[in-house]
Amino acid sequence: MDVYLQTLLSGLAIGGVYALIALGFSITFTTTKTLNFAQGEFIAFGAFIGVTMLLLLSGLASTTTAVPSEAASAWRYPAAVIGAGAVAGLMGILIFLLAVRPFAGKGGMNWVMSTLGFGVMLQSIGLAVWGPAPVMVPSPLGDDVLRIAGAGVRPQELLVLACAILIMAALDLVMRRSRIGKAMMAVAHSPQTASLMGINVSLVMIGAFALSSGLAGVAGVLIAPIASASLFMGMGFALKAFSAAIIGGLNNPRGCIYGGFILGVLESAVGLWQAQWREIVVFVLIILVLAFRPAGLFGQAAVDKV
Amino acid sequence: MTPKHTAVKAALLGSALAMSSAAYAQEIKIGFNGDLSASPSAQSGQAGVLGIQAAIEDINAAGGVLGRKLTLVVRDDLSQPPKSIQNMSDLIDNEKVVAVLGPTNSGNALAWKHIPNQKKNPSIGCIGSATDITKPASANAENYMYRVSMVDRAQVAGLIAYTKNNPITKNVGFLVETTGYGQGGLKDLQELAEAKSLKPVATEKFGVNDTDMTSQLNKLKSAGVDTVLVWAQGTPIGQLVRSMEKINYFPVTLTSWSSDNASFFDTAGKTLAEKPIFMRTITEDRTPKQQQLYDRLAPKMASKSAFSFAAHCYDALMITAAAIKQAGSTEGPKMREAFDNLQAPVEGIMKTYYKPFSATEHEALTAADYRWTRWKDGKLVTYTDDVVKALKPADFTQ
């Protein structure tokens with residue numbers, strides 16, 4: 001029994017991370033019909049902004065491969081999370097202005113290449129500043145295993161799960177209830193109409209990219225104590241998160257979140273059977289979803305009214 | 001052109017050539033080709049270069065070899081195979097080095113091992129551990145690839161010997177990462193286990209970036225595994241022992257030597273880092289000679305756990321110098337003959353080498369030179385127990 005509970009808990013913990021990043025993909029897709037393919041580099045960049053902030057705020061020196069555990073105590077970790085989110089958000093505005101806006105809404109796929117290129121630049125800058133070695137980041141809640149009905153989980157994993165759910169609930173509320181959210185939905189539906197209704201379309205689009213990139217930065221600092229911060233950490237997570245978004249439905253933020261959790265638990269469960277088949281199972285599921293429900297498990301098929 | 005002019009020109013050209021070859025004759029160039037900056041293992045390469053430089057200082061202080069001084073030409077391969085191949089040609093053809101030491105990454109040695117053989121220019125590995133690096137291209141082919149370092153297959157032989165001789169071991173499990181490194185280790189594990197009629201009850205795999213291996217561990221647990229043999233890189237082994245803690249399952253854990261990396265220690269944390277037992281060439285309990293070199297290099301070494309590579313590379317250079325001396329020449333084929341049949345013992349940091357190589361044996365260090373190691377209070381110390389004490393050289397057969 002505790003074997004299955006362990007599988008579920010481990011899966012939800014990693015699924016929360018996927019969900020958070022998948023949500024970022026969904027936000028830019030619904031508002032601008034483009035995706036930020038540098039999302040993975042934003043995760044890694046965010047993690048290192050977090051590392052730098054922890055060290056600066058605590059005044060402690062880092063060894064080459066680890067941040068001392070006192071550096072993450074008290075208010076410093078939340079400050080680093082917010083700081084990384086803000087910096088990544090600003091970078092998100094930059095990527096929109098430089099790499100997406102010139103191409104968005106036009107035919108062709110230029111923005112795919114330009115966002116990928118932006119990611120490569122970001123990674124090269126990161127390598128020059130922080131070097132290639134992974135850095136272990138301490139969890140603000142300590143590292144002792146918590147036992148839940150026989151299954152073990154780290155405090156940081158619960159923190160990631162809690163933060164993911166909290167952020168997603170807040171965003172859901174904003175999107176559905178507030179004027180900003182309604183403006184974003186209007187832009188997603190039709191930029192021309194939204195513009196005629198007096199909505200500042202390009203401001204909404206900038207906001208969407210800032211928000212999506214900020215989420216990636218926050219995710220980076222949240223994952224770092226679990227996976228350790230590395231400039232190569234983001235790619236794997238971003239690919240899984242994108243898969244989660246496809247499974248859940250790219251144009252449905254809630255669906256992306258469900259997709260993230262489904263993927264996390266699925267991976268963990270396949271590990272109970274044959275771990276080396278995990279990626280195959282995941283991508284078979286994606287192919288099945290694309291074949292039978294192209295808009296995702298929770299997406300609504302778009303009906304173009306002419 | 002008159003005959004007279006030609007004669008003058010020939011004389012001039014001849015003397016110029018003589019001068020340049022005289023300048024060349026003053027020094028014997030040795031090359032180093034390996035990653036010094038790009039990957040986490042770059043620290044191993046940096047330590048290796050420090051070791052070579054120390055050995056060259058010592059030899060030159062004693063008058064050099066064949067009356068000539070040694071110099072080192074260093075090339076960084078940024079851990080990229082194409083760059084590493086290019087460096088080999090540059091070192092051998094342009095710089096005219098007589099031998100190349102390195103590289104840092106096993107994969108790069110595998111990418112260019114045909115070059116030393118084609119150009120008849122010896123290569124002495126002192127960092128990378130992949131088994132196939134020193135294998136000849138075909139059964140009786142001339143082999144210019146030598147090594148003074150760990151060898152994966154010899155480590156696997158050690159782990160299997162420990163498992164086989166441990167009376168409390170009933171059920172063995174293999175756990176490897178899905179990379180080339182992990183799969184190569186699994187192949188060695190399976191072959192050597194079969195040779196010793198050891199049958200694993202479970203074999204599981206995990207990804208190099210995985211952060212939770214509880215599913216795989218739960219499977220081993222339900223199969224009743226009490227001893228697990230792990231072949232993976234440092235960081236995932238760190239994640240593995242963290243996952244062990246989650247489900248409170250701690251079988252006897254024997255791992256590849258990657259557990260000596262700082263990245264393993266940082267990921268696992270101080271307490272959990274003490275779980276795995278592995279093999280390594282040097283521990284913190286250093287011999288006086290090792291301590292001497294350590295004290296000499298410590299101020300310049302970024303990562304103290306990379307000291308073993310400084311020692312290997314120091315010895316590799318010493319053996320190379322001995323081979324040049326015996327050959328009385330820096331010609332590749334003559335050096336190869338000398339390498340394969342070294343008469344005088346070579347005083348090294350790891351040990352004194354008596355005939356370290358032969359025509360068929362190109363490994364200077366074997367399982368008998370390795371030490372059982374584990375982390376204790378943040379240090380790599382020699383590990384011993386009744387099983388280790390009872391192990392005989394015959395148990396390490398490959």
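Starting from 1, residues in each chain are numbered consecutively following that chain's sequence as written. The lettering of chains begins at A and the numbering of ligands begins at 1, in the order of writing. With pLDDT at 70 or above as the cut-off, local features in this predicted model cover only qualifying residues; side-chain atom pairs require 80 or more to be listed or tallied, and sums for whole chains, interfaces and linings still use all residues.

Helix and strand labels come from DSSP, where a helix needs a run of H or I of at least four residues and a strand needs a run of E of at least two; each type is numbered from the N terminus. Regarding its fold elements, chain B presents 14 helices and 14 strands. For a compact globule the rule gives 2.2 Å times the number of residues to the power 0.38, and the radius of gyration it is set against comes from C-alpha atoms. Scaling as 2.2 N^0.38, a compact globule of 398 residues should have a C-alpha radius of gyration of about 21 Å, and chain B matches this with 23 Å. With respect to the principal axes defined by its C-alpha atoms, chain B has extents near 95 × 40 × 35 Å. For every residue, the other C-beta atoms within 10 Å of its own C-beta are counted; 20 or more classify it as buried, 12 or fewer as exposed, and values in between as partly exposed. C-beta atoms are placed from the backbone. Counting every position in chain B, which comprises 398 residues, the buried fraction comes to 53%.

Here the focus is the overall build of chain A. The number of helices and strands found in chain A is 11 helices and two strands. Helices (α) and strands (β) of chain A occur, in sequence order from the N terminus, as α-α-α-α-β-β-α-α-α-α-α-α-α. Its C-alpha atoms give chain A a radius of gyration of 19 Å, within 12% of the compact-globule value 19 Å for 306 residues. Taken over the C-alpha atoms alone, chain A extends approximately 60 × 45 × 35 Å along its principal axes. A burial count over chain A gives 53% of its 306 residues as buried.

Let us look at the environment of S303(B). Residues and elements named next belong to chain B. Note that S303 resides in the loop between helix 11 (288–297) and helix 12 (307–327). A C-alpha to C-alpha distance of 37 Å links S303 and K219, two positions 84 residues apart in sequence. Contacts are defined on C-beta atoms placed from the backbone: any two residues whose C-beta positions lie within 7 Å are in contact. Those residues in contact with S303 that sit more than four places away from it in its chain are Q43 and A262.

What follows covers the sheet that holds strand 5 (residues 145–147) of chain B. Residues and elements named next belong to chain B. Across the sheet, which stays open at both edges, the five strands sit in the order 2-1-3-4-5 with parallel pairing between neighbours. Across the chains shown, the open sheet's two edge strands, defined by having one partner strand only, are strand 2 (69–76) and strand 5. Sheet twist, expressed as the average angle between the axes of neighbouring strands with direction ignored, equals 25°. DSSP bridges decide pairing: two strands pair if at least two such bridges lie between them. Judged from the three bridges that link them, strand 4 (residues 123–125) and strand 5 form a sheet pairing that is parallel. Each residue of the ladder has a partner; that of I124, found in strand 5, is Y146. Note on definitions: angles span 0 to 180 degrees between N-to-C directions of axes, and those axes are lines fitted to C-alpha atoms, for helices only across the stretch in contact. In the packing of helix 12 onto the sheet, contacts are made with strand 1 (27–34), strand 2, strand 3 (99–101) and strand 4, and the angle to strand 3 comes to roughly 170°.

With that settled, the discussion passes to the domain arrangement of chain B. Residues and elements named next belong to chain B. Structurally, chain B comprises domain 1 (27–150 + 286–365) and domain 2 (153–280 + 371–396). Marked domain ranges trace back to an automatic or database domain assignment. Each of domain 1 and domain 2 has a C-alpha centre, and the two are 29 Å apart. Taken residue by residue, the interface counts seven residues in domain 1 and 11 residues in domain 2. Polar here means any residue outside two lists: the nonpolar Ala, Val, Leu, Ile, Met, Phe, Trp, Tyr, Cys and Pro, and the charged Asp, Glu, Lys and Arg; Gly therefore counts as polar. The residue makeup of the side of domain 1 that touches domain 2, split by class, is three nonpolar, four polar and no charged.

By convention in this section, buried Ala, Val, Leu, Ile, Met, Phe, Trp, Tyr and Cys residues joined through C-beta atoms within 7 Å make up a nonpolar core. Counting residues in hydrophobic clusters, the biggest one holds 110 residues, and the most contacted among them are I52(B), L101(B), V230(B), A310(B), C313(B), Y314(B) and L317(B). Top element by residues in this core is helix 12 of chain B. It accounts for 14 residues. Mapping this core onto the domain boundaries places at least three of its residues in each of domain 1 (27–150 + 286–365) and domain 2 (153–280 + 371–396) of chain B. Not counting chain neighbours up to four residues away, the residues in contact with V230(B) comprise L175(B), I237(B), L240(B), T253(B), L254(B), T255(B) and S256(B). Among the nonpolar cores identified, the runner-up in size contains 96 residues, and Y18(A), A38(A), V201(A) and I246(A) belong to it.

Moving on: the interface of chain B and chain A. Bring the parts together and some accessible area is lost; that lost area is often taken as the interface size. At the interface, 26 residues of chain B touch 25 residues of chain A. Where the side of chain B that touches chain A is concerned, the elements lending two or more residues are strand 7 (200–206), helix 8 (214–222), helix 9 (234–246) and helix 10 (262–268) of chain B. The greatest single-element share of the side of chain B that touches chain A, amounting to five residues, is contributed by helix 8 of chain B.

Turning next to the environment of A344(B). Note that A344(B) resides in the loop between helix 13 (332–340) and strand 11 (346–347). Taking the C-alpha atoms as reference points, A344(B) and Y354(B), 10 residues apart in sequence, are found 7.3 Å from one another.

On to helix 6 (residues 152–165) of chain B. Given a helix with a known number of residues, its expected span is that number minus one, times 1.5 Å. Taking 1.5 Å as the rise per residue, helix 6 of chain B with 14 residues should run 20 Å; its terminal C-alpha atoms sit 20 Å apart, in good agreement. Of all the positions in helix 6 of chain B, only D152(B), R153(B), A154(B), Q155(B), V156(B), A157(B), G158(B), L159(B), I160(B), A161(B), Y162(B) and T163(B) are classed as buried.

Looking now at unusual backbone geometry. The omega torsion across G102(B) and P103(B) is -5°, close enough to zero to call that bond cis. Here P103(B) shows up in the loop between strand 3 and helix 4 (106–112). Even without being a glycine, K33(A) presents a positive backbone phi close to 60°. A positive phi angle, near 55°, is found at K96(B), a position not held by glycine. Residue position: K96(B) is located in the loop between helix 3 (81–94) and strand 3. When the 14 C-beta atoms within 10 Å are taken as the criterion, K96(B) is described as partly exposed.

Quick look at helix 4 (residues 110–130) of chain A now. Residues and elements named next belong to chain A. The terminal C-alpha atoms of helix 4, which comprises 21 residues, lie 30 Å apart, in line with the 30 Å expected from a rise of 1.5 Å per residue. Three or more residues of helix 4 are buried, namely W111, S114, T115, F118, G119, L122 and G126. The buried residues of helix 4 occupy an angular sector of 145° when projected down its axis, which confines them to one face. Along helix 4, exposed side chains directed more than 90 degrees from the buried face belong to V120, S124 and A128. Taken from the residues just after helix 4, G131 is the one with a positive phi, measuring 80°. Each C-beta atom gives one direction from the helix axis, and the arc is the one those directions make.

This paragraph deals with the sheet that holds strand 10 (residues 278–280) of chain B. Residues and elements named next belong to chain B. The antiparallel open sheet is built from three strands, whose spatial order is 10-13-14. Two strands bound the open sheet, and with one partner strand each, they are strand 10 and strand 14 (379–382). The mean angle between the axes of side-by-side strands here comes to 55°, regardless of whether they run parallel or antiparallel.

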